[in-house]
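Chains, contacts and geometry: an overview
So the chains spell out like this:
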Amino acid sequence: MKNKVMAEDDEGIKREQIEILAALTRIREICCDPGLLYEDYKGVKSAWPAWI
């Protein structure tokens, strides 16, 4: 029983880690290209040219 609970906990932790990674990836994509979030965005598409 203990092993089953531990396995389920590990699976849940892995799932949460993947969800966090997916959210961070989405935030990074939006930072690099705000047009993904705002259809009428006309500004700089990447942070690099803005501060180089």
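Residue numbers restart at each chain and count upward from 1, following the sequence in its written direction. Only residues with pLDDT of at least 70 get local features here, since the model is predicted, and only at 80 or more are side-chain atom pairs given and counted; chain-wide, interface and lining totals rely on the full set of residues. As a convention, hydrogens and water are excluded, and side-chain values are obtained from all of the structure's heavy atoms.

Moving on, we come to the overall build of the protein chain. Within the protein chain, the secondary structure is distributed over two helices and zero strands. Only protein chains enter the accessibility calculation, which uses a 1.4 Å probe; a residue is then buried when its area is under 20% of its type maximum, exposed when over 50%, and partly exposed in between. Taking all 52 residues of the protein chain together, 4% fall into the buried category. All accessible areas in this document rest on Shrake-Rupley with a 1.4 Å probe, and a residue is counted as covered only by the protein chains that are shown. Total accessible area on the protein chain stands at roughly 5,000 Å², and carbon and sulfur atoms take up 61% of it. Secondary structure elements are taken from DSSP: a helix is a run of H or I of four residues or more, a strand is a run of E of two residues or more, and numbering for both begins at the N terminus.

The salt bridge criterion pairs a side-chain nitrogen of Lys or Arg with a carboxyl oxygen of Asp or Glu, the two atoms within 4 Å. Counted by the stated rule, this structure contains two salt bridges. As a salt-bridge pair, Arg15 and Glu11 come within 3.3 Å of each other at their nearest N and O atoms. Of this pair, Arg15 and Glu11 are both found in helix α1 (residues 2-32), four residues apart, which corresponds to roughly one turn of the helix. Judged by relative accessible area, Arg15 falls into the partly exposed class, the value being 46%.

Attention now moves to a nonpolar patch on the surface. Taken together, Leu37, Tyr38, Tyr41 and Val44 make up a surface patch of nonpolar side chains, about 370 Å² in accessible area. Overall, the relative accessible area of 45% leaves Leu37 in the partly exposed class. Two distance rules govern patches: like charges are joined within 9 Å, and nonpolar side chains (Val, Leu, Ile, Met, Phe, Trp, Tyr) within 5 Å, applied only to residues with over 30% relative accessible area and no salt bridge.

The next thing to look at is the environment of Pro34. Relative to the helices and strands, Pro34 is located in the loop between α1 and α2 (47-51). With eleven residues separating them along the chain, Pro34 and Lys45 place their C-alpha atoms 6.4 Å apart. Contacts were defined at the residue level, with two residues in contact if any of their heavy atoms lie within 4.5 Å. Apart from residues lying up to four places away in sequence, Pro34 is in contact with Tyr41, Val44 and Lys45.

Moving on, we get to the state of the cysteines. Where two cysteines share a covalent bond between their sulfur atoms, that bond is called a disulfide. Note on terminology: pairs of cysteine sulfur atoms within 2.5 Å are recorded as disulfides. Under the counting rule described, the total for this entry stands at zero disulfides. Looking at the unpaired Cys31, the closest cysteine sulfur is the one in Cys32, lying at 6.8 Å.

Interpretation in functional terms is not warranted from these geometric data alone.
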